[in-house]
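Residue strings, one per chain:
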Amino acid sequence: ELVLEVVDSSQTIRRVLRPPESGSRSYGKLFTRPDMPHVVAMAARLPQPPPGQTYHLWLTSEGQTRLAGEMAINDEGFGLLVFEAHRDGPVYEAALVTLQPQGSTQPTGRFVLRWEASE
């Protein structure tokens, strides 16, 4: 229900994450609302990660990049991550999905999807 509240509102702000490499069919979306602290991130058409690695979502706000969470994907390459920001209407400058070892604390490894406000 929470996913629908965030994604399916006339107030929703939607950001599209695209692959940095041409030829990739992967994509993602980041959804926020100005009146809620909840954030929904989705990714699709991601390849299965190698053993010991997962997809990580990193968000940059006020110049600080933080881990939003690890995104598990299903057999079709679809992943969903829902989390609560520290305030209503979180504003992000960038979003990045990386493929890196589970439990990573810094955005390193292979960048799979990205969005920047300056684009």
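Refer to the preceding data block for the structure.
Residues numbered from 1 in each chain as written. Predicted model: local features only at pLDDT ≥ 70, side-chain atom pairs only at ≥ 80, totals over all residues. Heavy atoms only, no water.

Draft legend 1. Summary view of the nonpolar core. With 21 residues, the main nonpolar core has Leu 30, Tyr 55, Leu 57 and Tyr 92 as its most contacted residues. Residue assignment for this core shows that the elements contributing at least two residues are β3 (38–44), β4 (53–61), β6 (79–84), β7 (94–101) and β8 (110–116). Once residues lying within four places of it in the same chain are set aside, the contact partners of Leu 30 are Ile 13, Arg 14, Arg 15, Leu 17, Val 39, Val 40, Ala 41, Leu 57, Leu 59, Tyr 92 and Ala 95. (Core = buried A, V, L, I, M, F, W, Y, C linked by side-chain atoms within 4.5 Å. Buried < 20%, exposed > 50% of the residue type's maximum accessible area, 1.4 Å probe, protein only. Helix = DSSP H or I, 4+ residues; strand = E, 2+ residues; numbered from the N terminus. Contact = heavy atoms within 4.5 Å.)

Draft legend 2. How the structure looks around the side chain of Gln 100. Here Gln 100 shows up in strand β7. Within the structure, the side chain of Gln 100 is placed 3.2 Å from the side chain of Trp 58, a separation counted as a polar contact. Within the local environment of Gln 100, its side chain forms a polar contact with the side chain of Thr 98, the two groups lying 2.3 Å apart. (Polar contact = N/O pair within 3.5 Å; in protein donor to acceptor, adjacent residues only side chain to side chain.)

Draft legend 3. Structural view of the sheet that holds strand β5 (residues 64–71). Reading across from one edge, β5-β4-β7-β8 is the order of the four strands in this open sheet, with antiparallel pairing throughout. Whereas interior strands pair on both sides, the edge strands pair on one side only; in this sheet they are β5 and β8. Direction aside, the axes of adjacent strands within the sheet are offset by 25 degrees on average. With six bridges connecting them, β7 and β8 associate as antiparallel partners. Bridged to Leu 99 within β8 is Arg 110. (Pairing = 2+ DSSP bridges. Axes fitted to C-alpha atoms, helices over the stretch in contact; angles between N-to-C directions.)

Draft legend 4. Structural view of a nonpolar patch on the surface. A cluster of nonpolar side chains, Leu 2, Phe 78, Leu 80 and Val 82, forms an exposed patch at the surface whose accessible area comes to about 280 Å². Mapped onto the secondary structure, Leu 80 falls in strand β6. (Patch = residues over 30% accessible without salt bridge, like charges linked within 9 Å, V, L, I, M, F, W, Y side chains within 5 Å. Areas by Shrake-Rupley, 256 points an atom, 1.4 Å probe, with all protein chains shown as cover. Salt bridge = Lys/Arg side-chain N within 4 Å of Asp/Glu carboxyl O.)

Draft legend 5. Spotlight on the pairing of β5. As defined by bridge partners, β4 adjoins β5 across seven bridges and the pair is classed as antiparallel. The partner of Ser 61 across the bridge, within β5, is Gln 64. Following β4, the chain reverses through two residues before pairing antiparallel with β5; Glu 62 in that reversal takes a positive phi of roughly 55 degrees.

Draft legend 6. Focus on unusual backbone geometry. At Arg 45, a position not held by glycine, the phi torsion is positive, near 60 degrees. Summarising the element assignment, Arg 45 is placed in the loop between β3 and β4. The class of Arg 45 is partly exposed, set by a relative accessible area of 44%. Backbone geometry places Glu 62, a non-glycine residue, at a positive phi of 55 degrees. Residue Glu 62 is classed as exposed on the basis of its relative accessible area of 63%.

Draft legend 7. Main features of the sheet that holds β6. The sheet built from four strands is open, its strands ordered β1-β2-β3-β6 with antiparallel pairing. Among the strands making up the open sheet, the edge pair consists of β1 (13–17) and β6. Between one strand and the next, the sheet's axes are offset by a mean angle of 15 degrees, whatever the strand orientation. For strand β2 (residues 27–32) and β3, the ladder comprises five bridges, and the chain directions are antiparallel. Pairing of Leu 30 across the sheet is with Ala 41, part of β3.

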